[in-house]
Amino acid sequence: MKRIDFENGTITGNILGAGLPMLVAQLLNLLYNVVDRIYIARIPGEGTAALGAVGLCFPLIVIITAFANLFGSGGAPLFSIYRGKKKEPEAVCIMNTSFTMLSASALILMVTGLCFARPLLILFGASSEALTYALPYLMVYLIGTLPSMLSVGMNPFINAQGYSVIGMISVTIGAVANLLLDPLFIFGWCGFPVMGIAGAALATVIGQIVAAILAIWMNLKYNPDVRIRPSHIRFHWDTVKEIYRVGIPSIVMMSISSVMNFGLNQILIAFSTTATAVFGVYFKLQSFIFMPVFGLNNGMVPIISYNYGARKPERVKKTIRLSITAAICLMLIGLALFELIPGTLLTLFNATDHMRQIGIPAFRIIAIHFLFAGFCIVSGSVFQAIGNPLHALINSVCRQLVVLLPAAWLLAQTGKLEMVWFCFPIAEIFSFTLSAIFLRKTLQTAHARMLADDAD
């Protein structure tokens, strides 16, 4: 399997080579989530209730994913930096510490979840009827906590070593296994027992086990120098602190996004439930617009981290310039779609005339922020890649909580729903300004550190 040479290959080739496989994996994972929900919705006589029950399990699933991302997004950039510095023992220590923390956290979350599944679901709003479906799904899903966290948390380390195609394969095979097993377990095809919603959870667990085994096996097979070693499976507290320093902001940012969504929905529902529906549709469509940029970012991060560690400032700067240019171009395509065919986009969701009346101007106003979002997204990933995600965290808090929500509330006082949508471009312009200031400061500091390392 060909390995991407972050230090010597062309920057454009490296970004595409690292980013495109990750984008494909994200698209396949998104497709799996959609098809999985379709299968659940078609359970005879209980599809709608079962689908709602899966939604009630979502907060706990988000927590599990957040912890997996903590050690994956926190450890992988540090891992790349030390590999760039040619300090393989430190890189090995980071990988093994991340693996240890992932495993320990998974076991704690699994035991806690299994012991308190019922009260947690009630806390999330499950009725006695909903518990009938949600509880068996969650209990089975929790059994797969360890492989789930390992597959998500260790995949960034595969990508950080230049094997993004391998990372894509592990994710893809896990998702495909899930999709193939779903109808067998849910509906009892091919002689399997009919398991309903519990079968959907079992298919998910098996898919996660397959993905985790592949992620670990491929890591061992294709990189004999940097790997998980039994003798290194232990806590290394100094490394743990560094991983938390880089990884915790990403969890906080995920939480902030949930708070923003909740707060904005509360503001919109004062106008009508259709307004909240338009906002929900926008967020579904936004994921398809933003996903290529996130795929680009995932490919960019290990390249920047490695070359930052290797003290190659020109390659770092060129990677950032190309990534920002590509992100802006991708966002301009999204802007064109939302400005030119908002009605067609709404039709995909069977929008009523009233929903179209609200949604068409809403889409055109919200899409203005796409002009600035590409730069802001790439900047946030640069901060993480260089091991200084605090700037990304400050920017996210300011954008979503300090600017967007207050702006939405103030604009809502006009009594005009159309005005509320302007909170998005207002917040993004603020974020763009803050990102530009932070990026300039970060690059100056990083450049000075690279020169200092060279002098040493």
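Described in the following lines is the structure provided in the data block.

Before going further, it helps to spend a moment on the overall build of the protein. Per the secondary structure count, the protein includes 16 helices and zero strands. Here the C-alpha atoms of the protein give a radius of gyration of 23 Å, agreeing with the 23 Å that 2.2 N^0.38 yields for 456 residues. Its C-alpha atoms give the protein principal-axis dimensions of about 65 × 55 × 35 Å. Taken across its 456 residues, the protein has 54% of its residues classed as buried. A separation threshold of at least 6 residues defines the contact pool for the protein, and within that pool the share at least 24 residues apart is 81%. Carbon and sulfur atoms provide 69% of the accessible area of the protein, an area that totals close to 19700 Å². In the protein, 29 side chains carry a positive charge and 19 a negative one; their mean positions are 4 Å apart.

Under the counting rule described, the total for this entry stands at 18 aromatic pairs. Ring geometry for Tyr282 and Phe338: centres 6.0 Å apart, planes at 75°, overall edge-to-face. Here the residue Tyr282 occupies a position in helix H9 (residues 273-309), and Phe338 occupies one in helix H10 (residues 313-340), the gap between them amounting to 56 residues. Taken as a pair, Tyr282 and Phe338 share a single burial class, namely buried. For the ring pair Phe375 and Phe432, a centre distance of 4.9 Å and an interplane angle of 55° mean the geometry is tilted. You can see Phe375 sitting in helix H13 (residues 370-385) and its partner Phe432 sitting in helix H16 (residues 423-455), a full 57 residues away along the chain. Overall, Phe375 belongs to the buried group, its relative accessible area being 13%. Judged by relative accessible area, Phe432 falls into the partly exposed class, the value being 32%.

All right, on to the packing of helix H3 (residues 88-123) against helix H4 (residues 128-143) then. The geometry of a pair of packed helices is captured by two quantities: the angle between their axes and the separation between those axes. Between H3 and H4, the shortest axis-to-axis distance is 9 Å and the interhelical angle comes to 170°. Between H3 and H4, the angle falls in the class roughly antiparallel. Listed contacts from H4 to Leu109, Met110, Gly113, Leu114, Ala117, Arg118, Leu121 and Ile122 of H3 are Leu131, Ala134, Leu135, Leu138, Met139, Leu142 and Ile143. Taken together, the residues of the contact of H3 with H4 break down into 13 nonpolar, one polar and one charged.

What follows concerns a nonpolar patch on the surface. Together, Ile328, Leu332, Ile368, Leu371, Met419, Phe422 and Ile426 make up an exposed nonpolar region whose accessible area comes to about 510 Å². Take Ile426: it is sitting in helix H16. On the basis of relative accessibility, which here comes to 40%, the residue Ile426 falls in the partly exposed class.

This next bit is on the side chain of Gln384. On the secondary structure map, Gln384 appears in helix H13. In this structure the side chain of Gln384 is engaged in a polar contact, spanning 3.3 Å, whose partner is the backbone oxygen of Ser73. For Gln384, the residues in contact, after removing those within four places along its chain, are Ser73, Pro77, Val246 and Pro389.

Judged by nonpolar contacts, the single largest core of 74 residues is most densely connected at Leu264, Phe338, Phe363, Phe370, Trp421 and Phe424. Not counting residues within four places of it along the chain, the set of residues in contact with Phe363 comprises Val278, Val281, Tyr282, Leu285, Phe338, Pro342, Leu345 and Leu346. Formed by 50 residues, the second largest nonpolar core is a distinct cluster that contains Phe71, Phe79, Ala134 and Met154.

A few words now on the packing of H9 against H13. Relative to each other, H9 and H13 sit at 35°, their axes nearing to 9 Å. In this structure, H9 crosses over H13, and the sense of that crossing is right-handed. Contact residues: Tyr282, Ile289, Phe290, Val293, Phe294, Asn297, Met300, Val301, Ile304 and Ser305 in H9; Phe370, Ala373, Ile377, Val378, Ser381, Val382 and Ala385 in H13. When its residues are assigned to classes, the contact of H9 with H13 shows 14 nonpolar, three polar and no charged.

Between its first and last C-alpha atoms H10 spans 41 Å; for 28 residues at 1.5 Å apiece the expected length is 40 Å, and the two agree. For H10, every residue scored as buried is listed here: Pro313, Arg315, Val316, Thr319, Ile320, Ser323, Ile324, Ala327, Met331, Gly334, Leu335 and Phe338.

The residue Ser98 is located in helix H3 in this model. In this structure, Ser98 is in contact with Phe71, Gly75, Phe157 and Ile243, ignoring residues within four places of it in sequence.

Attention now goes to helix H5 (residues 145-160). Look at H5: 24 Å from first C-alpha to last across 16 residues, which is about the 22 Å you get at 1.5 Å a residue. For H5, the buried fraction is high: 13 of the 16 residues fall into the buried class. Positive phi shows up at Gly162, right after H5, with a value of about 90°.

One non-glycine residue, Lys86, lies in the positive phi region at around 65°. In this structure, Lys86 sits in the loop between helix H2 (47-84) and H3. The class for Lys86 is partly exposed, based on a relative accessible area of 49%. Although it is not a glycine, Arg311 adopts a positive phi angle of roughly 60°. For Arg311, the position within the fold is in the loop between H9 and H10. Looking at Arg311, the relative accessible area reads 30%, which means it is partly exposed.

Take Pro249: it is sitting in helix H8 (residues 237-269). On the basis of relative accessible area, Pro249 is assigned to the buried category, the value being 5%. Here the alpha-carbon distance between Pro249 and Ala392, two residues 143 residues apart in the chain, equals 7.7 Å. Discounting chain neighbours no more than four positions away, the residues touching Pro249 are Tyr244, Pro389 and Leu393.

Quick notes on the rules
- Residues numbered from 1 in each chain as written.
- Predicted model: local features only at pLDDT ≥ 70, side-chain atom pairs only at ≥ 80, totals over all residues.
- Heavy atoms only, no water.
- Helix = DSSP H or I, 4+ residues; strand = E, 2+ residues; numbered from the N terminus.
- Rg over C-alpha atoms; globule rule 2.2 N^0.38 Å.
- Buried < 20%, exposed > 50% of the residue type's maximum accessible area, 1.4 Å probe, protein only.
- Contact = heavy atoms within 4.5 Å.
- Areas by Shrake-Rupley, 256 points an atom, 1.4 Å probe, with all protein chains shown as cover.
- Lys, Arg positive; Asp, Glu negative; His and termini not counted.
- Charge placed at Lys NZ, Arg CZ, Asp CG, Glu CD.
- Phe/Tyr/Trp six-rings, centres within 6.5 Å; stacked < 30°, edge-to-face > 60°.
- Axes fitted to C-alpha atoms, helices over the stretch in contact; angles between N-to-C directions.
- Parallel < 35°, antiparallel > 145°, perpendicular 65-115°, else oblique.
- Nonpolar A, V, L, I, M, F, W, Y, C, P; charged D, E, K, R; others polar.
- Patch = residues over 30% accessible without salt bridge, like charges linked within 9 Å, V, L, I, M, F, W, Y side chains within 5 Å.
- Salt bridge = Lys/Arg side-chain N within 4 Å of Asp/Glu carboxyl O.
- Polar contact = N/O pair within 3.5 Å; in protein donor to acceptor, adjacent residues only side chain to side chain.
- Core = buried A, V, L, I, M, F, W, Y, C linked by side-chain atoms within 4.5 Å.
- Left-handed = near helix turned anticlockwise from the far one by under 90°.
- Expected span 1.5 Å × (residues − 1).

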